Amino acid sequence: MNAWLTHHRDSLLLALRRLAATPLNTLLSLLAIGIALALPAGGQMLLVNAMQLASGAAPTPQVSVFMTLDASRQAADDIGEHLRKRGDVRNLRFVPREETLARMKTAEGLGDVIEMLPKNPFPDAFIVDPKDESPAAMEALAREVRKLPRVEHVQLDSAWVRRLDALLKFGRTAVILLAALLGVGLVAITFNTIRLQVLTQRAEIEVSRLLGATDGYIRRPFYYFGTLQGLLGGALAWLIVSAAAWWLEAPIEELARLYNLEFALRPLAAPDSLILLALSAGLGWAGAALSLGTHLSDQ
Amino acid sequence: MIRFQQVSKRYPPGIDALSIVSFEVAEGELAVIAGHSGAGKSTLLKLIAAIERPTGGVVLVGGQNVGALKRAAVPYVRRNLGLVFQDQKLLFDRNAFENVMLPLSIAGFPPREAAKRVRAALDKVGLLEREKALPIMLSGGEQQRLAIARAVVSRPKLLIADEPTAHLDAETAGDVAQIFRDFHQVGVTVVIATYDAALFPEARRIILDHGRLTS
């Protein structure tokens, strides 16, 4: 093994020894980093799950057209005929009121209530798949369909999709903001631990320089220290998030079952986990670099 | 080996530690820098080791202008020097063996070869039996000898010592002086700053007075 590799190995071992030499300090630093990073990492996990749920719930934007309750089947057929002839309708599905009633009767908890009603409370309805799925085009289609006779209500399914989309975008921004803020926190924590390290190693640094140590030789163990501390903090954050996911799995499954949803909480995905570890190690390195630049520059 | 050409060193705010000093030390020579306290002896040695830079003149060591070195080149110059400091600068959290090992690890020596050299250096100063001892467990004379072992472990051609016998009793000081003499006898150029030049009667003397040469 050549000298350079040997020194890298020695620096790494030295950094590990220094981490192990002050177990309480190390534990506290790792906890601070781990908990700080667990927040954005956990947020990312929830966000990915929410997106999963959203994409499952709204496959394509649709327009629902409800007839008035007193509309005859003939009136509904006329509307169907009209819709089918329109150029901007790709697909049309008629949902007769009897079908809706039958479906609702089988739904959890609703069956008994519907039994008691004197007559069918549901109107005939159409589900329209528009050719152009842009919000503006769907808006225009809805506006025109509303003017048709015996049409009680036209509902744009794109509206809640867009609201959900905006909500998810907000969530994404919040996660990024949180990650940025707590990333700065990680840099600050590393900056301070490296500063203390430099202070306690002052004699060794001075003597090493006098004996011909290069800047690289002196700085390398500190870089390893900062990077290791960041990496271990990131690993702790991953453990916290994974433990939380494991703990939440059963309650969420139960909740999803009650809402008749096919949904299981997915833990942090492998690429996200790798990004978490790489980012925490990188930020630890950056904290060390900043601290060394400040505390070792003029010696 | 060493050549000072019109060298001056002025510390802010205008204190002249050395004024227009010129001298030469040939290869294999034993030279003593003598003079009262504050005469500029330590400053002179620091200029040789590139710990300080001259404010005037040229300091040549082994043909290299060490006063004009780039910062990145300084470590490699120091690796070719053996330095014994006035305050020894031992690391008190490392044992004798590890203290002497430090220059070799810095220079990237293969560990097995380095360990042999460390034991040889410790043997030379009579501390082989105490390689596991922490510096705090060593006497003043032993600490000084440990500092010498660390200075010579990389087998430099030039050995520089700043007051190596200060704070030692006469007998111990004589022992330490003998160690330097031994190195000189095997061809090492030795430069020693000392208030007690009588310890090295055979040495060439460079006498400083208030930063100026008097000899």
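In this text, all values refer to a predicted model and were calculated from it rather than measured experimentally.

K.L.:
Can you lay out the overall build of chain A for me, pointing to particular residues and giving the numbers?
P.N.:
Counting secondary structure elements, chain A contains 10 helices and 4 strands. Listed by position from the N terminus, the elements making up chain A come as α-α-β-α-β-α-α-β-α-β-α-α-α-α. In terms of overall size, chain A is more extended than a compact globule, its C-alpha atoms giving a radius of gyration of 31 Å where 299 residues would be expected to give roughly 19 Å. Looking at the 299 residues of chain A, the share that counts as buried comes to 27%.

K.L.:
Give me the domain arrangement of chain A: which residues, what numbers.
P.N.:
Here chain A is partitioned into domain 1 (3-57 + 162-295) and domain 2 (63-132). Taking the mean C-alpha position of each, domain 1 of chain A and domain 2 of chain A sit 53 Å from one another.

K.L.:
Can you lay out the confidence of the model for chain B for me, pointing to particular residues and giving the numbers?
P.N.:
Chain-level statistics for chain B give a pLDDT mean of 92 and a share of 100% at 70 or above. Model confidence for the complex is summarised by a pTM of 0.75, with the ipTM given as 0.90.

K.L.:
Help me get a handle on the nonpolar core, residues and values and all.
P.N.:
Residues B:I33, B:A149, B:L159, B:I160 and B:I192 are the most contacted members of the largest nonpolar core, which totals 70 residues. When sequence neighbours within four positions are dropped, the list of residues in contact with B:I192 reads B:V32, B:I33, B:A161, B:P164, B:F180 and B:F200. Judged by nonpolar contacts, the second largest core, of 33 residues, contains A:L30, A:V175, A:Y224 and A:L236.

K.L.:
Go over the pairing of strand β9 (residues 204-209) of chain B, please, and point to the residues and values.
P.N.:
Moving residue by residue along a regular strand, the side chains alternate between the two faces of the sheet. All names here are of chain B. Pairing analysis gives 5 bridges linking strand β3 (residues 30-35) to β9, with the strands arranged parallel. Bridge pairing in β9 links I33 to I206. Between the antiparallel neighbours β9 and strand β10 (residues 212-213) lie 2 residues, among them H210 with a positive phi of about 50°.

K.L.:
Please give an account of the interface of chain B and chain A that cites residues and values.
P.N.:
Counting from both sides, the interface comprises 12 residues of chain B and, opposite them, 13 residues of chain A. Elements represented by at least two residues in the side of chain B that touches chain A include exactly α2 (74-78) and α3 (96-106) of chain B. Taken together, the residues of the side of chain B that touches chain A sort by class into 8 nonpolar, 1 polar and 3 charged.

K.L.:
Give a description of the packing of α3(B) against helix α5 (residues 140-152) of chain B that names residues and reports values.
P.N.:
Residue and element names in this part refer to chain B. At a minimum axis separation of 7 Å, α3 and α5 run at an interaxial angle of 30°. As the angle between them shows, α3 and α5 are arranged roughly parallel. α3 and α5 meet at a crossing whose hand is right-handed. Here A96, N99, V100, L102 and P103 of α3 come into contact with α5, specifically with L146, A149 and R150.

K.L.:
For the sheet that holds strand β4 (residues 56-61) of chain B, give the residues involved together with the corresponding values.
P.N.:
All names here are of chain B. Spatial ordering of the open sheet is given by β2-β1-β4-β5, a layout of 4 strands whose pairing is antiparallel. Each having just a single partner strand, β2 (15-25) and β5 (64-65) make up the two edges of the open sheet. Alignment of β4 against β5, held across 2 bridges, turns out to be antiparallel. Looking across to β5, one finds that L60 is bridged to N65. Sitting on the sheet, helix α1 (residues 41-48) is in contact with β1 (2-11), β2 and β4, with an inclination near 120° to β1.

K.L.:
Help me get a handle on the environment of B:R117, residues and values and all.
P.N.:
Residue and element names in this part refer to chain B. Its place among the elements puts R117 in helix α4 (residues 111-124). For R117, a count of 18 C-beta atoms within 10 Å corresponds to the partly exposed category. Residues R117 and R155 lie 38 residues apart in sequence; the distance between their C-alpha atoms is 9.1 Å. Among residues more than four places away in sequence, those in contact with R117 are L104 and V153.

K.L.:
An account of the confidence of the model for chain A is requested, with residue identities and associated values reported.
P.N.:
Per-residue confidence for chain A gives a mean pLDDT of 87, with 96% of residues at or over 70. For chain A, per-element mean pLDDT is lowest for helix α5 (residues 111-116) of chain A, which scores 79, and highest for helix α10 (residues 270-295) of chain A, which scores 93.

K.L.:
Describe α10(A), and please don't skip the residues or the numbers.
P.N.:
With 26 residues, α10(A) extends 37 Å between its outermost C-alpha atoms, agreeing within 8% with the 38 Å of an ideal straight helix rising 1.5 Å per residue. Among all positions in α10(A), only A:S273, A:L276, A:S280, A:A281, A:L283, A:G284, A:W285, A:G287, A:A288, A:S291 and A:L292 are buried.

K.L.:
Outline unusual backbone geometry, supporting the account with residue identities and numerical values.
P.N.:
All names here are of chain B. The step from P12 to P13 runs through a cis peptide bond, and the omega angle for that step is 5°. For I20, which is not glycine, the phi torsion reads 45° and is therefore positive. Residue position: I20 is located in strand β2. The phi dihedral of K89 falls on the positive side, at around 55°, and the residue is not glycine. Here K89 is to be found in the loop between β6 (81-84) and α3. In this structure K89 comes out as partly exposed when scored by C-beta crowding, with 16 C-beta atoms within 10 Å.

K.L.:
Go over the sheet that holds strand β4 (residues 151-156) of chain A with me, naming the residues and quoting the values.
P.N.:
All names here are of chain A. Read across the open sheet, the 4 strands follow the order β2-β3-β1-β4; overall the sheet is antiparallel. Here the strands that pair on one side only, and so sit at the sheet edges, are β2 (89-95) and β4. With direction set aside, neighbouring strand axes in the sheet form an average angle of 20°. Examined bridge by bridge, strand β1 (residues 63-67) and strand β3 (residues 125-130) share 4 bridges and lie antiparallel to one another.

Rules of the game
- Residues numbered from 1 in each chain as written.
- Chains lettered and ligands numbered in written order.
- Predicted model: local features only at pLDDT ≥ 70, side-chain atom pairs only at ≥ 80, totals over all residues.
- Helix = DSSP H or I, 4+ residues; strand = E, 2+ residues; numbered from the N terminus.
- Rg over C-alpha atoms; globule rule 2.2 N^0.38 Å.
- Buried ≥ 20, exposed ≤ 12 C-beta atoms within 10 Å, placed from the backbone.
- Domains from an automatic or database assignment.
- pLDDT = per-residue confidence, 0-100.
- Core = buried A, V, L, I, M, F, W, Y, C linked by C-beta atoms within 7 Å.
- Contact = placed C-beta atoms within 7 Å.
- Pairing = 2+ DSSP bridges.
- Nonpolar A, V, L, I, M, F, W, Y, C, P; charged D, E, K, R; others polar.
- Axes fitted to C-alpha atoms, helices over the stretch in contact; angles between N-to-C directions.
- Parallel < 35°, antiparallel > 145°, perpendicular 65-115°, else oblique.
- Left-handed = near helix turned anticlockwise from the far one by under 90°.
- Expected span 1.5 Å × (residues − 1).

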